[in-house]
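Residues per chain, in single letters:
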Amino acid sequence: MALFQAENCLFLTCILRNTNRLSLPSLFYAMADKNEYELVVIGGGPAGYAGAIRAGQLGKKVACVEMDRPGGTCLNWGCIPSKALLKSAELYQKMLHAADFGLSAENISFDFEKVVSRSRNVADQMAKGIEFLFRKNKVDHFRGQGQVTVPGMVEIKDGSDKGKFLKAKNILLATGCKMRPFPGLELDGEKVMTSREALANTKQPESILIVGAGAIGVEFAYFYNALGSKVTLVEVIDQVLPVEDQEVAKLLARSFKKQGVQIHVGTKVENVKVTEKGVSADLVKGDKVTPIEVNAVLSAIGVVPNLEGALSNKIKLNEDQGYLTVDDNYSTNIEGIYAAGDIIGPPWLAHVATYEALQAVNGMFGAGTPKRVTLFPGCTYCLPQVASIGKTEQAVKESGVAYKIGKFPFAASGKAIASNAPEGFVKVISSEDDGEILGVHIIGADATELIAEYALAMHLEATPLEIHQTIHAHPTLSEALMEAAADIHNEAIHI
């Protein structure tokens, strides 16, 4: 790095001595001649690394600039390590209930520090996998914070590659989002956390207040509760998982209460204070105020766009509430600068971010006509799992479209009973006129895997009849998908 910076300084001196009036953009371009790319991606998360790899597959010279390890928040501090934690919690609970399977297990215990350590090792392994894919697809990886200084130029700020300039025919901004901290509280990683701090905290809280019952809040509520922490889950909206179907949310809330989670919906959290022992707060629902004291609080109240430092004051991109606005080609208002993933707004999902980046790269290099996201599955990895795609029943009802519903409970599934997982159901909503599948909602074992069949069906514009007429292997949980489709026409066999 020092040698590169020294070369830059010498090169800059020569330019200044031999040029009377060299503009700043021209200076940057001259300094970056040795690092000229067809695409520079800023951000190495699900959008960034996927976009960079796709460009490499297309034979383009591409670089990816990322401050953290490849994988971004999702792989390093989100999706992947959190699922490792959840799997440990799930296995622990299964071992506690070994007798349900005719097995005996004594002195079941866990080491919380090792549980967290395993999740970090999983993240490290996946990050190494992305680094391998970069090498395989000839993606140059720069460590640091990338900043668009002028159109066509990226300077690396901070990090081990600080001071380097990359000339880019195209730039893809994929800087994502970061967790929104609770207002007025300083994050300390033990008493006050977001999901990022929680993923690194090796000290299990005896009691924890989780503010926000979206996917992140619900998943951490399951994790801590399953390992014995006293969990209080609070949501300002009148249901947990506010974006999900009401029927699904109600069942999940009932299940969580049975598991021991204290749930407060339609409730605000006020007067939060850090104390010597932990955190105190007031839970406010209407005129009722309930004081609470816990060892820790976890803020799961959403995300905010992460553009800090990514643009110089010479770059003015159109925004909407802090998120970049793009056209159908994922292009911003400045030619040659594109954006994809969480930084262009909801839904804030890794698989959506990847899709958007691939569409953007294919479009900019003529490998296909870009498509904007209209249909996507959403998954929550607690137990029971929740997965959905398309519209909720409430949304369909409000649209005025005549519809039918098919449902099948896992309690009627032979595989679910054999697996001791009878909780939940599959719910299919279709148009009464033409049979179009409008929405699918699953709560139960392996829901996050099962949703893929209906994602494909909706993409191909299949109808419930076609799902019903497709032979599903017996015994499998996927039979519930077929039975729910059959129930729309009152032809389900097992209910």
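Report on the accompanying structure. Being a predicted model, the structure only gives us computed values, none of them experimental.

Reading the values: the criteria
- Residues numbered from 1 in each chain as written.
- Predicted model: local features only at pLDDT ≥ 70, side-chain atom pairs only at ≥ 80, totals over all residues.
- Heavy atoms only, no water.
- Helix = DSSP H or I, 4+ residues; strand = E, 2+ residues; numbered from the N terminus.
- Rg over C-alpha atoms; globule rule 2.2 N^0.38 Å.
- Buried < 20%, exposed > 50% of the residue type's maximum accessible area, 1.4 Å probe, protein only.
- Contact = heavy atoms within 4.5 Å.
- Areas by Shrake-Rupley, 256 points an atom, 1.4 Å probe, with all protein chains shown as cover.
- Lys, Arg positive; Asp, Glu negative; His and termini not counted.
- Charge placed at Lys NZ, Arg CZ, Asp CG, Glu CD.
- Salt bridge = Lys/Arg side-chain N within 4 Å of Asp/Glu carboxyl O.
- Right-handed = clockwise from strand over helix to strand, strands pointing away.
- Pairing = 2+ DSSP bridges.
- Axes fitted to C-alpha atoms, helices over the stretch in contact; angles between N-to-C directions.
- Parallel < 35°, antiparallel > 145°, perpendicular 65-115°, else oblique.
- Left-handed = near helix turned anticlockwise from the far one by under 90°.
- Nonpolar A, V, L, I, M, F, W, Y, C, P; charged D, E, K, R; others polar.
- Expected span 1.5 Å × (residues − 1).
- Patch = residues over 30% accessible without salt bridge, like charges linked within 9 Å, V, L, I, M, F, W, Y side chains within 5 Å.
- Phe/Tyr/Trp six-rings, centres within 6.5 Å; stacked < 30°, edge-to-face > 60°.
- Lys NZ or Arg CZ within 6 Å of the ring centre and 35° of its normal.

A few words on the overall build of the protein. Along the protein, the regular secondary structure elements total 15 helices and 26 strands. Whereas a compact globule of 495 residues would reach a radius of gyration of roughly 23 Å, the protein reaches 25 Å, a difference of no more than 12%. Expressed as lengths along the three principal axes of its C-alpha atoms, the size of the protein is roughly 85 × 60 × 50 Å. A burial count over the protein gives 51% of its 495 residues as buried. At a minimum sequence separation of 6, the contacts of the protein that also span at least 24 residues come to 63%. When the accessible surface of the protein is summed, it comes to about 23800 Å², and 51% of that surface belongs to carbon and sulfur atoms. Of the charged side chains in the protein, 48 are positive and 57 negative; the average position of the first set lies 6 Å away from that of the second.

Our focus in this paragraph is the pattern of salt bridges. For the structure shown, the criterion picks out 15 salt bridges. Among the salt bridges present, the one from Asp 124 reaches Arg 69, with a minimum N-O distance of 3.3 Å. A residue pair is termed long-range when its members are at least 10 positions apart, and Asp 124 in helix α6 (residues 112-136) and Arg 69 in the loop between β3 (62-66) and α4 (72-77) qualify at 55 residues. Given the relative accessible area of 22%, Arg 69 is considered partly exposed. One salt bridge connects Lys 178 with Glu 308, and the closest N-O pair in it is separated by 3.4 Å. Of this pair, Lys 178 sits in strand β9 (residues 177-179) while Glu 308 sits in the loop between β18 (303-305) and β19 (319-320), placing them 130 residues apart in sequence. Residues joined by salt bridges that share partners form a network here, namely Asp 245, Glu 247, Glu 393, Lys 407 and Lys 427.

So, about the pairing of strand β11 (residues 207-211). Two faces, one strand: in a regular strand the side chains alternate between the faces of the sheet. Summarising burial for β11: five of the five residues are buried, a large majority. Burial of β11 is two-sided: the residues Ser 207, Leu 209 and Val 211 facing one way and the residues Ile 208 and Ile 210 facing the other way are all buried. As for the winding sense of the linkage, the β-α-β connection from β11 through helix α8 (residues 215-226) to strand β12 (residues 230-235) is right-handed. Summarising the sheet, β11 and strand β17 (residues 296-299) pair through four bridges and their orientation is parallel. From the neighbouring strand, Ile 210 faces β17, where its bridge partner is Leu 298.

Below, the discussion takes up the pairing of strand β25 (residues 424-431). Burial analysis of β25 places eight of its eight residues in the buried class, which makes it a mostly covered element. Of the two faces of β25, both are covered, the one formed by Gly 424, Val 426, Val 428 and Ser 430 as well as the one formed by Phe 425, Lys 427, Ile 429 and Ser 431. Of the strand pairs in this sheet, strand β24 (residues 403-409) and β25 are connected by seven bridges, and their pairing is antiparallel. Along β25, the bridge assignment pairs Lys 404 with Ser 430. Pairing of β25 with strand β26 (residues 437-444) involves seven bridges; the strand directions are antiparallel. Looking across to β26, one finds that Phe 425 is bridged to Ile 443. In this structure, the hairpin formed by β25 and β26 is closed by a connection of five residues, where Gly 435 is found at a positive phi of approximately 80 degrees.

Another aspect to go through is the sheet that holds strand β6 (residues 153-157). Across the sheet, four strands lie side by side as β1-β7-β6-β5; this open sheet has mixed pairing. Only two strands of the sheet have a single partner each, and these edge strands are β1 (36-37) and β5 (145-150). Inspection of the sheet shows β6 paired to strand β7 (residues 165-168) by three bridges, in the antiparallel sense. For Met 153, the partnering residue across the bridge sits in β7 and is Lys 167.

Where helix α5 (residues 79-96) meets α6, the axes come as close as 8 Å, and the angle between the chain directions of the two elements is 140 degrees. Between α5 and α6, the angle falls in the class oblique. Crossing angle aside, the handedness with which α5 passes α6 is right-handed. Residues Ile 80, Pro 81, Ala 84, Leu 85 and Ser 88 of α5 form the contact with α6, whose own contacting residues are Val 115, Val 116, Arg 118, Ser 119, Arg 120, Val 122, Ala 123 and Met 126. Grouping the amino acids of the contact of α5 with α6 by side-chain chemistry returns nine nonpolar, two polar and two charged.

For α8, which comprises 12 residues, the first-to-last C-alpha distance of 16 Å matches the rise-based estimate of 16 Å (1.5 Å per residue) to within 8%. In terms of burial, α8 is largely enclosed, as 10 of its 12 residues are buried. If you check which residues of α8 are buried, you get Gly 217, Val 218, Glu 219, Phe 220, Ala 221, Tyr 222, Phe 223, Tyr 224, Asn 225 and Ala 226. Backbone geometry just downstream of α8 places Gly 228 in the positive-phi region, at approximately 105 degrees.

Let's shift gears to a negative patch on the surface. Together, Glu 432, Asp 433, Asp 434, Glu 436 and Glu 461 make up a negatively charged patch on the protein surface. Mapping Glu 432 onto the fold places it in the loop between β25 and β26.

It is worth spelling out the packing of aromatic side chains at this point. Throughout the structure, instances matching the rule amount to seven aromatic pairs. Grouped by ring-pair contacts, the aromatic residues Phe 112, Phe 220, Phe 223 and Tyr 224 constitute a single cluster. Against the face of Tyr 37 rests Lys 61, its NZ or CZ located 4.8 Å from the ring centre.

Right, let's get into the sheet that holds strand β13 (residues 262-265). One open sheet accounts for five strands, arranged β10-β17-β11-β12-β13; its pairing is parallel. Each edge of the open sheet carries a strand with a single partner, namely β10 (192-193) and β13. When β12 meets β13, the two strands line up parallel, connected through four bridges. In the strand pairing of β13, Leu 233 is matched with Ile 263. Strand contacts of α8: β10, β11, β12 and β17, with the helix running at about 165 degrees to β12, the strand carrying the most contacts.

This part is about the environment of Val 148. Secondary-structure assignment places Val 148 in strand β5. A relative accessible area of 0% places Val 148 in the buried class. Between the alpha carbons of Val 148 and Leu 166 there is a distance of 9.5 Å; along the sequence they are 18 residues apart. Among residues more than four places away in sequence, those in contact with Val 148 are Ile 42, Met 153, Ile 171, Leu 173, Ala 310, Leu 311, Ser 312, Ile 315 and Ile 337.

In short, shape yes, function no, at least from these values alone.
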